[in-house]
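Given next are the chains, with one letter for each unit.
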Amino acid sequence: MTAHSSPQPPPEEAPNDKQAEKRSRILVAAEKVFARSGFFAAKVSEIAKEANVADGTIYLYFKNKDDLLISLFESRVDHVNAVLTQAIAPYRDPSEQMAALIRTYLKLVQDQPAVAEVLTIELRQSSKFMKEYSAGPFAELLRIISGIIARGQEQGEFVTSGTAPLLARMIFGMLDELALAWLLLPETSEPGGPGHGKPSRTKFELGQTAESAVAFVLQGLLRRK
């Protein structure tokens, strides 16, 4: 730029950028509404209001509420996969990779409960998802876990009594159930105890639970020497 030239105006945002931003805003709004109201009770109009868009705008990006939920799932699992991949990258030993993956997954649940609630609870309310969805980012998540197991088996560190994909599903099932149990428990104690109706229940500590899960999984995977 010379001393006599005027500054150039910033380039206008491309339509695709605007569309991506609006789609992302709708997904964030849906995440909040699904976590707050539940999938069945949530209304498209409520999501539109949360995203500050017109009701009809939702249908420019998503076919229906089920499609919105599945798109939200894919977006968030993509994020989970990226975080898990980064968490295991510093380690070469399969045992250390598995420990890092378990700890990281449960920490994500603790740090981002709204995301975890949608992924763990609300998806089960979509018959379309339960019947039709079988690939995409979730398959990649299972591949990350099974890849660790396969490397451990190849190196003679892990048992070979089960295939890596099957063992990966077992491990994910455990993590998913722990997340579900934690999310469904209240933050504080309910009145209870002997003679007081319902027993008292509070959220368990996920950090300690992660260590128990690591010990449990590795005890089952490690080959006895």
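Residues numbered from 1 in each chain as written. Predicted model: local features only at pLDDT ≥ 70, side-chain atom pairs only at ≥ 80, totals over all residues. Heavy atoms only, no water.

Participant: Would you explain the pattern of salt bridges in this entry?
Facilitator: One side chain can pair with another of opposite charge once the charged atoms of both are near each other. In total, this model carries seven salt bridges according to the counting rule given. Residue Arg 36 is joined to Glu 50 by a salt bridge in which the shortest nitrogen-to-oxygen separation is 3.5 Å. With Arg 36 in helix H1 (residues 15-37) and Glu 50 in helix H2 (residues 44-51), the pair connects residues that are 14 residues apart, well separated along the chain. Looking at Glu 50, the relative accessible area reads 33%, which means it is partly exposed. The closest approach of N and O atoms between Arg 103 and Glu 211, which form a salt bridge, is 2.8 Å. Residue Arg 103 is located in helix H5 (residues 94-111), and its partner Glu 211 is located in helix H10 (residues 206-221); the two are separated by 108 residues in the primary sequence. (Salt bridge = Lys/Arg side-chain N within 4 Å of Asp/Glu carboxyl O. Helix = DSSP H or I, 4+ residues; strand = E, 2+ residues; numbered from the N terminus. Buried < 20%, exposed > 50% of the residue type's maximum accessible area, 1.4 Å probe, protein only.)

Participant: Explanation requested: the environment of Leu 119 in the structure shown.
Facilitator: By the secondary structure assignment, Leu 119 is in helix H6 (residues 113-120). Spatially, the C-alpha atom of Leu 119 lies 8.2 Å from that of Val 77, the residues being 42 residues apart in sequence. If we skip the residues at most four places from it in the chain, Leu 119 touches Phe 73, Arg 76, Val 77 and Val 80. (Contact = heavy atoms within 4.5 Å.)

Participant: Before we go on, may I ask you to explain helix H9 (residues 164-184) in this structure?
Facilitator: Helix length check: H9 (21 residues) gives 30 Å between terminal C-alpha atoms against 30 Å at 1.5 Å per residue, within 8%. Within H9, the full set of buried residues consists of Ala 164, Leu 167, Ala 168, Ile 171, Phe 172, Met 174, Leu 175, Asp 176, Ala 179, Leu 180, Trp 182 and Leu 183. (Expected span 1.5 Å × (residues − 1).)

Participant: Is there a simple way to explain the environment of Gly 162 in this structure?
Facilitator: By secondary structure assignment, the location of Gly 162 is in the loop between helix H8 (137-154) and H9. Along the sequence, Gly 162 and Leu 221 sit 59 residues apart, while their C-alpha atoms lie 9.6 Å from each other. Beyond its immediate stretch of four places on either side in the chain, Gly 162 contacts Gln 153 and Leu 167.

Participant: Looking at this structure, I do not really get the packing of H5 against H9. What am I missing?
Facilitator: Helix packing geometry: the angle between the two helix axes and the distance between the axes. H9 packs onto H5 with a crossing angle of 25° between their chain directions and a minimal axis gap of 10 Å. In terms of their interaxial angle, H5 and H9 are classed as roughly parallel. Considering only the axes of H5 and H9, their crossing is right-handed. Residue-level inspection shows Met 98, Leu 101, Ile 102, Tyr 105, Leu 106, Val 109 and Gln 110 of H5 in contact with H9, the latter providing Ile 171, Phe 172, Leu 175, Leu 178, Ala 179 and Trp 182. Its residues assigned to classes, the contact of H5 with H9 shows twelve nonpolar, one polar and no charged. (Axes fitted to C-alpha atoms, helices over the stretch in contact; angles between N-to-C directions. Parallel < 35°, antiparallel > 145°, perpendicular 65-115°, else oblique. Left-handed = near helix turned anticlockwise from the far one by under 90°. Nonpolar A, V, L, I, M, F, W, Y, C, P; charged D, E, K, R; others polar.)

Participant: Please clarify how the packing of helix H4 (residues 65-88) against H6 should be interpreted in this entry.
Facilitator: Running from amino to carboxyl end, H4 crosses H6 at an angle of 125°, the nearest separation of the two axes being 10 Å. Our classification of the angle between H4 and H6 gives oblique. At the point where H4 passes H6, the crossing takes the left-handed sense. Note on element contacts: H6 touches H4 through Val 115, Val 118 and Leu 119, opposite Leu 69, Leu 72, Phe 73, Arg 76, Val 77 and Val 80.

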